[in-house]
Amino acid sequence: MNVKVLAFFNHKGGVSKTTSNFIIGNLLASDSHSRVKKKHIRKGEKVLFVDLDFQRNLTNAVLRNENVTIEGGAIESIASGDASEFIIQSQKNPNIYLLPATKSLSLFDDFVFENELNKREGYEKLLEMSLERFVKENDIRYVVVDTAPNASKLLIQGLNLSFGGDTNAIIPFPLDEFGSDSLELAAETVSGIVGSSNPNLKVIGIVATLLQKTEKSYKKTLGKVKVIYEDLLFESVIFSKSEIKNFTNEKFEEKFSHQRGALEMYYGLLSEIKERI
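Computed from a predicted structure; not experimentally measured.

Rules used in this analysis
- Residues numbered from 1 in each chain as written.
- Predicted model: local features only at pLDDT ≥ 70, side-chain atom pairs only at ≥ 80, totals over all residues.
- Heavy atoms only, no water.
- Salt bridge = Lys/Arg side-chain N within 4 Å of Asp/Glu carboxyl O.
- Helix = DSSP H or I, 4+ residues; strand = E, 2+ residues; numbered from the N terminus.
- Buried < 20%, exposed > 50% of the residue type's maximum accessible area, 1.4 Å probe, protein only.
- Expected span 1.5 Å × (residues − 1).
- Arc of directions from axis to C-beta.
- Contact = heavy atoms within 4.5 Å.
- Phe/Tyr/Trp six-rings, centres within 6.5 Å; stacked < 30°, edge-to-face > 60°.
- Pairing = 2+ DSSP bridges.
- Axes fitted to C-alpha atoms, helices over the stretch in contact; angles between N-to-C directions.
- Parallel < 35°, antiparallel > 145°, perpendicular 65-115°, else oblique.
- Nonpolar A, V, L, I, M, F, W, Y, C, P; charged D, E, K, R; others polar.
- Polar contact = N/O pair within 3.5 Å; in protein donor to acceptor, adjacent residues only side chain to side chain.
- Core = buried A, V, L, I, M, F, W, Y, C linked by side-chain atoms within 4.5 Å.

Trainee: Sorry, what's going on with the pattern of salt bridges here?
Mentor: It is possible for side chains of opposite charge to pair when their charged atoms get near one another. Evaluated as defined, the whole model comprises 14 salt bridges. For the salt bridge of aspartate 53 with lysine 17, the shortest nitrogen-to-oxygen distance reads 3.5 Å. Within this pair, whereas aspartate 53 is found in the loop between β2 (47-51) and α2 (57-63), its partner lysine 17 is found in helix α1 (residues 17-29), the two being separated by 36 residues in sequence. This pair shows no difference in class: aspartate 53 is buried, exactly as lysine 17 is. Salt-bridge contacts for arginine 133 lead to glutamate 137; the nearest nitrogen and oxygen are separated by 3.1 Å. Placement of the pair is arginine 133 and glutamate 137 together in helix α5 (residues 126-137), with a separation of four residues, close to one helical turn.

Below you can see the structure in the form of structure tokens.
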């Protein structure tokens, strides 16, 4: 299958993980507006969002103002062996599909142990196996994963989605006193999964998020991060903007100049991501 997997991942909450996931996925799935700069022109492709965060923020953003019924998510997909009946196609953009998050995701580890799934060989790939038929039959081009924030069995399932290719992890991090700690913990998690179950998992980049334009010292701090992580650091920086919240709280669109202005940093990030996968 010619499908590319993007997994937004950080154990630390509140780092714009879900927002970045939602915007990048929507950019991949939509044709660019006629007034978008030439270098950012794009053609929409089929995207499958996989929401593995029990807070369900991605699910709420994708399905906002849509009249749909959620029948199940990751647990139900693994239990049945086929996720197809649980995946929802967006009414706003037919290129977007979603395996939604459900309240039961908080009990995922209990589900694994009660059914002794962890004793099955290759259990880390159970979610991928349940998704394979849908991805193939619907010619999905990108699988965009909003991972669970904690180190759980559910996170392992998300970071083992590869479909025969690479699992491309993107780590958003804040430029604060805890940012470097979150990067170190994420790196340890990736290393463990690479060694145990998914050698195709790789971190393609880290991106600084939630910056205020008034933070004069951010370039100096970014310089220190670049010394440590070198080319893993994306050149794009995600600033905190009120307009960005409108994309997840209301509707994703770029027909107005202020919307395109707010998205400019994500246009750049998407270009960098495409160069690395």
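And the narrative resumes.
Trainee: Even after reading the chapter, I still don't get helix α8 (residues 218-229), so can you show me in this structure?
Mentor: Quick reminder: α-helices carry 3.6 residues per turn. Residues three or four places apart thus point the same way. An ideal rise of 1.5 Å per residue puts 16 Å on 12 residues; α8 measures up with 16 Å between its terminal C-alpha atoms. Where α8 is concerned, the buried positions are Tyr218, Leu222 and Val225. Relative to the axis of α8, the buried residues are bounded by an arc of 60° and lie together on one face. Projecting away from the buried face of α8 at angles above 90 degrees are the exposed residues Lys220, Lys224 and Val227. Looking at the buried side of α8, the elements it contacts are β6 (167-174) and β7 (201-209). Backbone geometry just after α8 places glutamate 230 at a positive phi near 50°.

Trainee: Is there a simple way to explain the packing of aromatic side chains in this structure?
Mentor: How two aromatic rings sit relative to each other is set out by the distance from centre to centre and by the angle between their planes. This model, assessed by the stated rule, comprises four aromatic pairs. Each ring, one from phenylalanine 22 and one from phenylalanine 252, has its centre 6.5 Å from the other, and the planes form 80°; the classification is edge-to-face. Pair noted here: phenylalanine 22 is in helix α1 and phenylalanine 252 is in the loop between α9 (242-249) and α10 (257-276), with a separation of 230 residues, a long-range link. Phenylalanine 22 sits in the buried class, given a relative accessible area of 4%. Between phenylalanine 108 and phenylalanine 111, the ring centres sit 5.9 Å apart and the planes meet at 50°, which makes this aromatic pair tilted. With a gap of three residues between them, phenylalanine 108 and phenylalanine 111 both fall in helix α4 (residues 108-114), about one helical turn apart. Judged on exposure class, the residue phenylalanine 108 and its partner phenylalanine 111 are both buried.

Trainee: Please explain the pairing of strand β5 (residues 142-146) as it appears in this structure.
Mentor: Of all the five residues making up β5, five are buried; the element is thus mostly covered by neighbouring parts of the structure. Side chains Tyr142, Val144 and Asp146 of β5 all project onto a buried face; the interleaved residues Val143 and Val145 project onto the opposite face, where all are buried too. As paired strands, strand β1 (residues 4-8) and β5 are joined by five bridges and run parallel to one another. What sits directly across from phenylalanine 8, in β5, is aspartate 146. Where β2 meets β5, five bridges bridge the pair, whose relative direction is parallel. Bridging across to β5, aspartate 51 finds its partner in aspartate 146.

Trainee: Would you mind going over the sheet that holds β2 with me for this structure?
Mentor: As a general point, the strands of a sheet are linked pairwise by backbone hydrogen bonds and lie either parallel or antiparallel. Taken in spatial order, the seven strands line up as β3-β4-β2-β5-β1-β6-β7 in an open sheet, and their pairing is mixed. Pairing within the sheet leaves two strands with one partner each, and these edge strands are β3 (88-89) and β7. Helix-sheet contacts for α5 involve β2, β4 (96-99) and β5, and the interaxial angle to β2 is about 155°.

Trainee: Looking at this structure, how should I read the packing of α1 against α10?
Mentor: Helices that pack against each other are described as a pair by the angle of their axes relative to one another and the distance between those axes. Where α1 contacts α10, the two axes come as close as 10 Å, and the packing angle between them is 75°. When the interaxial angle is binned, α1 and α10 end up roughly perpendicular. In this structure, α1 contributes Thr19, Ser20, Ile23, Ile24, Leu27 and Leu28 to the contact, and α10 contributes Leu263, Tyr266, Tyr267, Leu269, Leu270, Ile273 and Lys274. Of the residues assigned to the contact of α1 with α10, the class counts are 10 nonpolar, two polar and one charged.

Trainee: Please clarify how the environment of phenylalanine 111 should be interpreted in this entry.
Mentor: Its relative accessible area of 13% is what places phenylalanine 111 among the buried residues. The spacing of phenylalanine 111 and aspartate 181 is 70 residues in sequence and 30 Å in space, taken between C-alpha atoms.

Trainee: Sorry, what's going on with the side chain of threonine 209 here?
Mentor: One can find threonine 209 in strand β7. A polar atom in the side chain of threonine 209 sits 2.8 Å from the backbone oxygen of valine 15. With sequence-adjacent residues up to four places away left out, threonine 209 is seen in contact with Val15, Ser16, Pro172, Phe173, Pro174, Leu175 and Ile238.

Trainee: When you look at the nonpolar core in this model, what are you seeing that I'm missing?
Mentor: What tends to happen in soluble globular proteins is that the nonpolar side chains get buried as a cluster. By size, the foremost hydrophobic cluster in this structure holds 89 residues, and its most contacted members are Leu48, Leu131 and Val143. In terms of residues, this core owes the most to one element, α10, which gives eight residues. Once residues within four sequence positions are removed from consideration, leucine 131 is found in contact with Leu48, Val50, Ala83, Ile87, Leu99, Leu161 and Phe163.

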